[in-house]
Amino acid sequence: MWYFKLYKSTLVYINMDIVLATNNQGKIREFRKILNNSNINLILQSNYNVPDIEETGITFVENAIIKARHASKCTGLPAIADDSGLSVDCLNGQPGVYSARYSGEHATDQENISKLLHEISKYPEEARTARYWCVIVFMKHFNDPTPIICQNSWEGIITSNPRGSNGFGYDPCFYVPGLGKTASEISLEMKCKLDAHCQSMRQVIEIISEMYK
């Protein structure tokens, strides 16, 4: 929902409610951290009992659009959705769009990590280059023909053993050479400066703010 006030015959943008099309608690924490000082209010789709929708796309962009359109249609609000995953070079880009269900539907993070480490065990460390991809989509309404799409990546190497207790997903085995740590060994504040989710969300927020300022 948008709120405006009349000031010298000009509409001035004050606040904005946007539904966030995810139930992933790790992503929710990161996005709220980024938006802490913004005038954008993210409302969880669970507040509206929005049911999950099947992610039938074969790219991150397709799946993000599917989720954003679905959340907007169910709530009548503008929507933000992301689709993200890990792409490992020696595995020809896997797990990719299937990152959350790499070891099966409703798989846990630990199950997915275990499968990943098994698959890369035959490759030397120098061949285990990987990157997190994140696409975030903003739709003004469910029939929006020109959604905002922002995409970023975060480079790393897959470790042989999980390390750290922070983060989510594949973070415990995603080693960042420049930091000398895995994504699970750094603070949320540091991660929000570096990872693909946060980079894409910042870009989307900047564009939205410019559109409605």
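Residues numbered from 1 in each chain as written. Predicted model: local features only at pLDDT ≥ 70, side-chain atom pairs only at ≥ 80, totals over all residues. Heavy atoms only, no water.

## Points about helix H1 (residues 25–34)
By the burial criterion, the buried members of H1 are Gly-26, Lys-27, Ile-28, Glu-30, Phe-31 and Ile-34. Among the residues of H1, the N-terminal cap falls to Asn-24, whose side-chain oxygen and the backbone nitrogen of Gly-26 are separated by 2.9 Å. (Buried < 20%, exposed > 50% of the residue type's maximum accessible area, 1.4 Å probe, protein only. Helix = DSSP H or I, 4+ residues; strand = E, 2+ residues; numbered from the N terminus. Polar contact = N/O pair within 3.5 Å; in protein donor to acceptor, adjacent residues only side chain to side chain.)

## A few points about helix H3 (residues 109–120)
Counted at 1.5 Å a residue, the expected span for H3 with its 12 residues is 16 Å, and the 17 Å between its end C-alpha atoms agrees. Structurally, H3 contributes buried residues whose contacts are with strand S4 (79–88) and strand S6 (148–158). (Expected span 1.5 Å × (residues − 1). Contact = heavy atoms within 4.5 Å.)

## What about the nonpolar core?
Grouped together as the largest cluster of nonpolar side chains are 43 residues, with contacts concentrated most on Ile-80, Leu-116, Ile-158 and Ile-208. Counting 15 residues, the second largest nonpolar core, distinct from the first, contains Val-19, Ala-21, Ile-43 and Ala-71. (Core = buried A, V, L, I, M, F, W, Y, C linked by side-chain atoms within 4.5 Å.)

## Notes on the side chain of Ser-200
Mapped onto the fold, Ser-200 is located in helix H5 (residues 196–212). A polar side-chain atom of Ser-200 sits 3.2 Å from a polar atom in the side chain of Asn-152. Ser-200 has contacts with Cys-134, Ile-136, Cys-150, Gln-151 and Asn-152, leaving out every residue within four places of it along the chain.

## Quick word on the pattern of salt bridges
Counted according to the given criterion, the structure contains 10 salt bridges. Across the pair Asp-89 and Arg-131 runs a salt bridge whose closest N-O atoms are separated by 2.9 Å. Note that Asp-89 is positioned in the loop between S4 and H3 and Arg-131 in strand S5 (residues 129–139), a separation of 42 residues in sequence. We classify Asp-89 as partly exposed; its relative accessible area is 35%. Residue classification places Arg-131 among the buried positions, given a relative accessible area of 14%. The partner of Arg-163 in a salt bridge is Glu-185, with the nearest N and O atoms 3.0 Å apart. Within this pair, whereas Arg-163 is found in the loop between S6 and strand S7 (174–176), its partner Glu-185 is found in the loop between strand S8 (181–182) and helix H4 (188–194), the two being separated by 22 residues in sequence. Taking the relative accessible area as the measure of exposure, Arg-163 reaches 33% and is therefore partly exposed. Residue class for Glu-185 comes out partly exposed when judged on its relative accessible area of 30%. Among the ionic contacts, a cluster of salt bridges with common partners joins Glu-30, Asp-171 and Lys-191. (Salt bridge = Lys/Arg side-chain N within 4 Å of Asp/Glu carboxyl O.)

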